[in-house]
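# Chain and residue survey
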Amino acid sequence: MSLLVVGLSHRSAPVSVLERASLGADAQIKLLQDTVAAEPAAEAAVLATCNRIELYADVDKFHAGVAELSTLLAQHSGVGLEELTPYLYVHYEDRAVHHLFSVACGLDSMVVGEGQILGQIKDALARAQELHTAGRLLNDLFQQALRVGKRAHSETGIDRAGQSLVTFGLEQLAVGAPVETWAREKKALVIGAGSMSSLAAATLARAGVAEIVIANRTPERAERLAQILTEGDDTDVLARAVPMGSVPFELTRADVVVSCTGATGLVLTAEAIAAGVEGRVGEQPAVGTAPVEEAPLPPTSVGTEEGCPLDLSAVRPGFSVMGEAAVAGMDAATLEQHAAWAAGTTVDRGRTGRTGRSGPEADAELIGALAATASTVGRIPERRRPEPVAEPPRPEPVLFLLDLAMPRDIDAAAHRLAGVRLVDIESLAEASADAPMAADVDQVRRIVSDEVAAFGAAQRAAHITPTVVALRTMAADVVAGEIARLEGRLPGLDDKHRAEITQTVRRVVDKLLHAPTVRVKQLAAEPGGAGYADALRTLFDLDPETVASVSRAEESTEKNARNRGPA
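Residues numbered from 1 in each chain as written. Predicted model: local features only at pLDDT ≥ 70, side-chain atom pairs only at ≥ 80, totals over all residues. Heavy atoms only, no water.

### Concerning the overall build of the protein chain
Where we set the bar: A run of DSSP states H or I qualifies as a helix once it reaches four residues; a run of E qualifies as a strand once it reaches two. Both are numbered from the N-terminal end. Working definition: with a 1.4 Å probe on protein chains only, accessible area under 20% of the residue-type maximum means buried, over 50% means exposed, and in between means partly exposed. Whether two residues are in contact is decided by their heavy atoms: any pair within 4.5 Å suffices. Per-residue and other accessible areas were derived by the Shrake-Rupley procedure at a 1.4 Å probe size, with only the shown protein chains allowed to occlude residues.
If you tally the helices and strands in the protein chain, you get 22 helices and 10 strands. Taken across its 567 residues, the protein chain has 44% of its residues classed as buried. In the protein chain, 71% of the contacts between residues at least 6 apart in sequence involve partners at least 24 apart. Surface summary for the protein chain: the accessible area is close to 29500 Å², and the carbon and sulfur share equals 53%.

### Observations concerning the pairing of strand S4 (residues 89–92)
Heads up, the rule is: Think of it this way: DSSP has to see at least two bridges between two strands before they count as a pair.
Burial along S4 is one-sided: Tyr89 and His91 are buried, and none of Val90 and Tyr92, which face the opposite way, are. Looking at chain direction, strand S1 (residues 3–9) and S4 are connected through four bridges and run antiparallel. Among the inter-strand pairings, Leu4 is bridged to a residue of S4, identified as Tyr92.

### Re helix H13 (residues 270–278)
Quick note on the threshold: Directions drawn from the helix axis to the C-beta atoms are what define this arc.
Every buried residue of H13 is accounted for by Ala270, Ile273, Gly276 and Val277. Each buried residue of H13 lies within a common arc of 125° when the element is viewed along its axis, so the set occupies one face. Buried positions along H13 lie against helix H12 (247–251), strand S9 (399–403) and strand S10 (420–423).

### So, the sheet that holds strand S5 (residues 187–191)
Under the convention used in this document: Every angle, taken between N-to-C directions, lies between 0 and 180 degrees, and every axis is a line fitted to C-alpha atoms, over only the stretch in contact when it is a helix.
Strand order in the open sheet made by the six strands is S7-S6-S5-S8-S9-S10, with parallel pairing throughout. With one partner strand each, in any of the chains shown, strand S7 (238–242) and S10 form the two edges of the open sheet. Put simply, the sheet's adjacent strands are angled 15° from each other on average, direction ignored. In this structure, strand S6 (residues 211–215) lies alongside S7, joined through five bridges in parallel fashion. For Ala215, the partnering residue across the bridge sits in S7 and is Val242. Along the sheet face, helix H8 (residues 165–174) touches S9 and S10 and points at about 150° away from the line of S9. Relative to the sheet, helix H11 (residues 219–231) contacts S6 and S7, its axis offset from that of S7 by approximately 175°.

### Focus on the sheet that holds S4
Strand order in the open sheet made by the four strands is S2-S3-S1-S4, with antiparallel pairing throughout. With partners counted over all chains shown, the strands left at the sheet margins are strand S2 (41–49) and S4, one partner each. Strand-to-strand, the axes of this sheet are offset by a mean angle of 15°, without reference to chain direction. As paired strands, S2 and strand S3 (residues 52–59) are joined by eight bridges and run antiparallel to one another. Its bridge partner lying in S3, Val46 is registered against Leu55. Sitting on the sheet, helix H2 (residues 25–37) touches S2 and S3, and the angle it makes with S2 is about 160°. Packed onto the sheet, helix H6 (residues 116–130) meets S2 and S3 and runs at close to 145° relative to S2.

### Thoughts on the pattern of salt bridges
The condition is simple: By convention in these notes, a salt bridge is any Lys or Arg side-chain nitrogen within 4 Å of a carboxyl oxygen on Asp or Glu.
Evaluated as defined, the whole model comprises 21 salt bridges. Taking the shortest distance from any N to any O, the salt bridge between Glu19 and Arg408 comes out at 2.9 Å. A residue pair is termed long-range when its members are at least 10 positions apart, and Glu19 in helix H1 (residues 15–21) and Arg408 in the loop between S9 and S10 qualify at 389 residues. The burial state of Glu19 is the same as that of Arg408; both residues are buried. Note that Arg253 and Glu211 form a salt bridge whose closest N and O atoms lie 3.2 Å from each other. With a gap of 42 residues between them, Arg253 in the loop between H12 and strand S8 (256–259) and Glu211 in strand S6 connect regions that are remote in the sequence. Overlapping salt bridges, with partners in common, bring together Arg11, Arg52, Glu54 and Asp108 in one network.

What follows is the structure in structure tokens.
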């Protein structure tokens, strides 16, 4: 087994990089085709979600495989290899199996324990099967990952450790209130009709929203989702489909907007959201249109000081008449009067008159006297810090936005709009960093470790099976040849004796081969047991082409079984 995975996720890369590196459906198809066309890779599968991009491959060379897969990811994501490389992680063989099983159980999700990843793994396998890029290894791996994920959810309480990204996002919008209480009787707009949007619509319907409007670029998919919601037995919600051109109007009606499309650009700009909030009819007054009244400044000493030589009406409010703002731009004579007033003394006018000096030199002397007076009386002309002005409270949100797309559908600038609350992948990542881990997580980790060991043993045992089959085929050919030779020597041998002799020879061969073949399968299943197949082929001089033909026959049988599907 030479399984290799190269990828990046919310754990290794910032959201901004994940957003730029996201792969659309066409890009995923081209990536798979180019991977299997590359020299080191024989099989390939892509797992691309809103917070991870991973390329799985069966390679014959580790270092060449890492280089090739990294280069292909960079080429198809549009992010340069030098920029992308610091955020990539690499897992090989058992570590790669352990990683995928952990992902399937929700241990590596942004919200620990969420179950939606199982559907995404199933989609990744289906895509690889459809494009014929998944062979025995990746088919076995991904199918076992699905079984391990289901086992973790059924045997443990991992669901209590987290929930789907949709539910977690709605909880963040509700800010501590039960989602059912927060969502009751609200009007919802869901943009997109894919798996994530469908899950969001179903979750909102179960939470008790009064109406769900579905907008999608393909009207038929929006209408189908609306029909499913309307006909659902567990909800009583009014659902309808609208074209994408109706989104601006629907923004004026909606209380909650969930967007998850495959668009490469913004679906909702900050300007469109602001217009939707301002255009709401029958709601609270338009946000941002009325000027915010400034809180009155606290009272100051201006106008209350007797004998102050300043023109108090010209002094800017909020500062002391003894501070530097009050005396800025004052001529020297008035400045001296102000200093004397501040010191509680009087100005000696005779001094200037006796010397007869005026102008810059006199101003400099008077300013020096002011400084001396200030140092004597202990007053330093510094600005008095104004009292803090209370900011007006931010309006309660009237429009709640949940952006689950990667790259983002909703302009991040909407965070700054009054009356709007936006939760996106980036804020979800921050919120989930401190999410509590359930005790069941340890149990799931043990399940993953056990399943990884079992999968590795099964793969190693399967690797030697064609060799064992080829050995038994060779033994059967030897028996058949010897029986034919016996018949030539004993032409009068009757059928009864011939059958008895044939059966006896076959039993002898089977008994001789039984213990070695059983033991070699056991040894091959252990770590490092891959060499036993080579040893068996060498000891019995088995034809490599015979072994390869057995492998091809088994793979063809398995492929036909997959194409037929379950009975």
